[in-house]
Amino acid sequence: MPTHITTQCSIDNYPLQLHKLERLSNWLLKECAVPDHDVSIVLVDDRLIRELNNNYRKKDTPTNVLSFPFSEGADLSSLAQIPVKELGDIVISLETAAREAIQFNHTFHQRLSWLLIHGMLHLQGFDHERSKSDEKIMFSREQEILAKLNKKRGQQMNHLAINVDHIATIRQARGITEPDPVAAAAICELAGAAGIVIHLREDRRHIQDRDVYLLRETIKTKMNLEMGANKAIIKIALEVQPDLVTLVPEKRQELTTEGGLDIVTQKKKIAKTIEKLGKGLIPVSLFLDPDKEQIAVASEIGATFVELHTGRYCDAFSEQDQLHEFELIEEAAEYAVSLGLRVNAGHGLNYQTTARIAALETIEELSIGHAIIARAAFTGLDTAVRDMLKIVASAKSSL
Ligand code: PXP
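About the thresholds
- Residues numbered from 1 in each chain as written.
- Predicted model: local features only at pLDDT ≥ 70, side-chain atom pairs only at ≥ 80, totals over all residues.
- Heavy atoms only, no water.
- Core = buried A, V, L, I, M, F, W, Y, C linked by side-chain atoms within 4.5 Å.
- Buried < 20%, exposed > 50% of the residue type's maximum accessible area, 1.4 Å probe, protein only.
- Helix = DSSP H or I, 4+ residues; strand = E, 2+ residues; numbered from the N terminus.
- Pairing = 2+ DSSP bridges.
- Salt bridge = Lys/Arg side-chain N within 4 Å of Asp/Glu carboxyl O.
- Axes fitted to C-alpha atoms, helices over the stretch in contact; angles between N-to-C directions.
- Contact = heavy atoms within 4.5 Å.
- Arc of directions from axis to C-beta.
- Parallel < 35°, antiparallel > 145°, perpendicular 65-115°, else oblique.
- Left-handed = near helix turned anticlockwise from the far one by under 90°.
- Nonpolar A, V, L, I, M, F, W, Y, C, P; charged D, E, K, R; others polar.
- Domains from an automatic or database assignment.
- Phe/Tyr/Trp six-rings, centres within 6.5 Å; stacked < 30°, edge-to-face > 60°.

**Student:** Would you mind showing me how to read the nonpolar core here?
**Tutor:** For soluble globular proteins, nonpolar side chains are generally found buried alongside one another. Ranked by size, the top nonpolar core spans 75 residues in total, and within it Leu286, Ile357, Ile363, Leu366 and Ile372 carry the most contacts. In terms of residue count, helix H17 (residues 381–397) provides more of this core than any other element does, seven residues in total. In terms of nonpolar packing, the next biggest core, distinct from the first, is built from 33 residues, Cys32, Val39, Leu115 and Leu116 among them.

**Student:** For this particular structure, what's the right way to read the pairing of strand E4 (residues 86–93)?
**Tutor:** For a regular strand, side-chain orientation follows a simple rule: the groups alternate between the two sheet faces. Among the eight residues in E4, six count as buried, and that is most of the element. Looking at chain direction, strand E2 (residues 38–44) and E4 are connected through seven bridges and run parallel. Each bridged residue has a counterpart across the sheet, and for Ile41 the counterpart in E4 is Ile90.

**Student:** Hey, could you run me through the pattern of salt bridges in this one?
**Tutor:** Should the charged atoms of two oppositely charged side chains come close, the side chains can pair. With the rule as written, the count across this model stands at 26 salt bridges. Linking Lys267 and Glu300 is a salt bridge whose minimum nitrogen-to-oxygen distance equals 2.6 Å. In this pair, Lys267 sits in helix H11 (residues 267–279) while Glu300 sits in helix H12 (residues 292–300), placing the two residues 33 residues apart along the sequence. Relative accessible area serves as the criterion here: at 54%, Glu300 is assigned to the exposed category.

**Student:** Got a minute to help me understand the pairing of strand E11 (residues 342–346) in this structure?
**Tutor:** Counted residue by residue, E11 has four buried out of five residues, so it is predominantly covered. Inspection of the sheet shows strand E10 (residues 305–309) paired to E11 by five bridges, in the parallel sense. What sits directly across from His309, in E11, is Gly346.

**Student:** For this particular structure, what's the right way to read the sheet that holds E11?
**Tutor:** The strands making up a sheet associate through backbone hydrogen bonding, with each pair oriented either parallel or antiparallel. If you trace the eight strands once around the closed barrel, you get E5-E6-E7-E8-E9-E10-E11-E12, paired in parallel fashion. Ignoring strand direction, the axes of neighbouring strands in this sheet form an average angle of 25 degrees. Sheet contacts for helix H14 (residues 319–338): E10 and E11; angle to E10, the most-contacted strand, approximately 175 degrees.

**Student:** Even after reading the chapter, I still don't get the sheet that holds strand E3 (residues 65–69), so can you show me in this structure?
**Tutor:** An order of E1-E2-E4-E3 is seen for the four strands of this open sheet, with the pairing classed as mixed. Looking at strand neighbours, the two that pair on one side only are strand E1 (3–7) and E3, the edges of this open sheet. Sheet twist, expressed as the average angle between the axes of neighbouring strands with direction ignored, equals 15 degrees. Along the sheet, helix H1 (residues 18–31) contacts E1, E2 and E4; its crossing angle with E1, the most-contacted strand, is approximately 145 degrees. Packed onto the sheet, helix H2 (residues 46–57) meets E2, E3 and E4 and runs at close to 50 degrees relative to E3.

**Student:** Looking at this structure, how should I read unusual backbone geometry?
**Tutor:** Glycine aside, residues mostly have negative phi angles, and peptide bonds mostly take the trans form. A cis amide bond links Glu178 to the next residue, Pro179, at an omega of -5 degrees. Unusually for a residue other than glycine, His347 sits at a positive phi of about 105 degrees. For His347, the location among the structural elements is in the loop between E11 and helix H15 (354–358). What makes His347 partly exposed here is its relative accessible area of 23%.

**Student:** Help me out: how do you make sense of helix H9 (residues 209–218) in this one?
**Tutor:** Since one α-helical turn is 3.6 residues long, residues separated by three or four positions face the same way. Regarding H9, the residues found buried are Asp211, Val212 and Leu215. Down the axis, H9 shows its buried residues gathered within 100 degrees of arc, on one side only. Buried residues in H9 make contact with helix H7 (165–174), helix H8 (181–191), strand E6 (195–199), strand E7 (223–227) and helix H10 (231–240).

**Student:** Looking at this structure, I do not really get the packing of helix H4 (residues 94–103) against helix H5 (residues 108–123). What am I missing?
**Tutor:** To characterise two packed helices, one gives the angle between the axes of the helices and the distance between these axes. Two numbers describe how H4 lies on H5: the axes approach to 8 Å, and their chain directions differ by 120 degrees. With respect to their mutual orientation, H4 and H5 come out oblique. Considering how the two elements wind past one another, H4 and H5 form a crossing that is right-handed. Contacts between H4 and H5 involve Leu94, Ala97, Ala98, Glu100 and Ala101 from the first element and Phe108, Arg111, Leu112 and Leu115 from the second. Of the residues contributing to the contact of H4 with H5, the split by class is seven nonpolar, no polar and two charged.

**Student:** Quick question: what am I supposed to make of the environment of Ala303 here?
**Tutor:** By secondary structure assignment, the location of Ala303 is in the loop between H12 and E10. Taking C-alpha positions, Ala303 is 9.3 Å from Glu275, a pair spaced 28 residues apart along the chain. Apart from residues no more than four positions distant in its own chain, Ala303 is found in contact with Ile274, Val284, Leu286, Ala298 and Leu341.

**Student:** I would appreciate a short explanation of the domain arrangement of the chain in the present structure.
**Tutor:** When the domains of the chain are assigned, the result is domain 1 (3–155) and domain 2 (159–397). Placing a centre on the C-alpha atoms of domain 1 and another on those of domain 2 gives a separation of 38 Å.

**Student:** I tried to follow the packing of aromatic side chains on my own but got confused; where do I start?
**Tutor:** How two aromatic rings sit relative to each other is set out by the distance from centre to centre and by the angle between their planes. Under the defined criterion, the tally for this structure stands at two aromatic pairs. Here Tyr56 and Phe68 contribute two aromatic rings whose centre-to-centre distance is 5.0 Å and whose plane-to-plane angle is 70 degrees, an arrangement assigned as edge-to-face. Taken together, the positions of Tyr56 in helix H2 and Phe68 in strand E3 put the pair 12 residues apart, joining distant regions of the chain. Residue Tyr56 is classed as exposed on the basis of its relative accessible area, which comes to 58%.

**Student:** Would you take a moment to explain the side chain of His206 for this structure?
**Tutor:** Positionally, His206 belongs in the loop between E6 and H9. The exposure class assigned to His206 is buried, which follows from its relative accessible area of 6%. If we skip the residues at most four places from it in the chain, His206 touches Asp165, Ala168, Thr169, Arg171, Gln172, His199, Arg201 and Asp211.

This is the structure we're talking about:
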């Protein structure tokens, strides 16, 4: 294997996916026309990279990446002439990468990927510190590689579905006819939403039966009906024929859906509901915590999708907790895909927390409501939707 990765610090606290890093590195070697060369990636902490930065560059501070070319001074054309097929070492500080991921609102893997591309270009003789024109050359090559990578990943773009429940919440606060979620759904679609989500609760606190029937006629994209596994609501779903039903746990006292469904203990009931809806040709998604045991049961009982609950990730108090929750979602999504399930995600996502989740290749659609409706009160719904769409689109294209 041309890529060798070693770690010289504890990696337990990072959502590190070495196989993805290795895959990217091997792809980069091919892209840079040196597929037969070896490269060594060394993952370190700030203490070690600071020491190296001081020893080799006389800069006594940590940095994000350092490159040590095997053939110092060689450029792309002379590299091919050198008999030893060794590019050199790329040293990356995981600590700095984690800090920068937060700063740039990237996933940890996105940031590592960018650092790897940067380091790899240095190994091939590019040097942005040499002169203004060298900076331009290196920057444009970096952009070229990123564009190719984005194109490769372009097919995996995920979509934004908007939950319009809280338009109905405002209407119900007065018990009158406006604002109307039917009109809101149309505005969301015109702004670029890929689907509309509504939750018909047993207590009808926001969405009413009339909304469900009217929306079925007006929605041009996809209707995702969230509901509890309740007989009367299943009957409505079978009549309305949404494009997707998402089964959620429902408690009358809760302010919003508080956690994922527990399908391990309710396996029979949920399996029966999936079967009933399946007879009506309605695919079913199960709203689950990022828990492998639950996901395995979802696959066993015939769910088409799982929607991973992002609430704990969004509510995490410290950056470390948030990273941990993110990692759980990332792993759960990969596991679900490996079982043949399709994956959506949602709950609590806002303009700060969405980018990382949107960057995950395994997730097809995000379901977002409250944050968009809340912003709409100040900016208008069209702008609020477009602002979120920009985040979703750039999360994918940033690696
Ligand atoms: N997904 C599910 C299953 C939900 O129950 C909700 C809340 O209705 C959402 C997504 C959207 O959550 P939020 O309104 O916090 O964006």
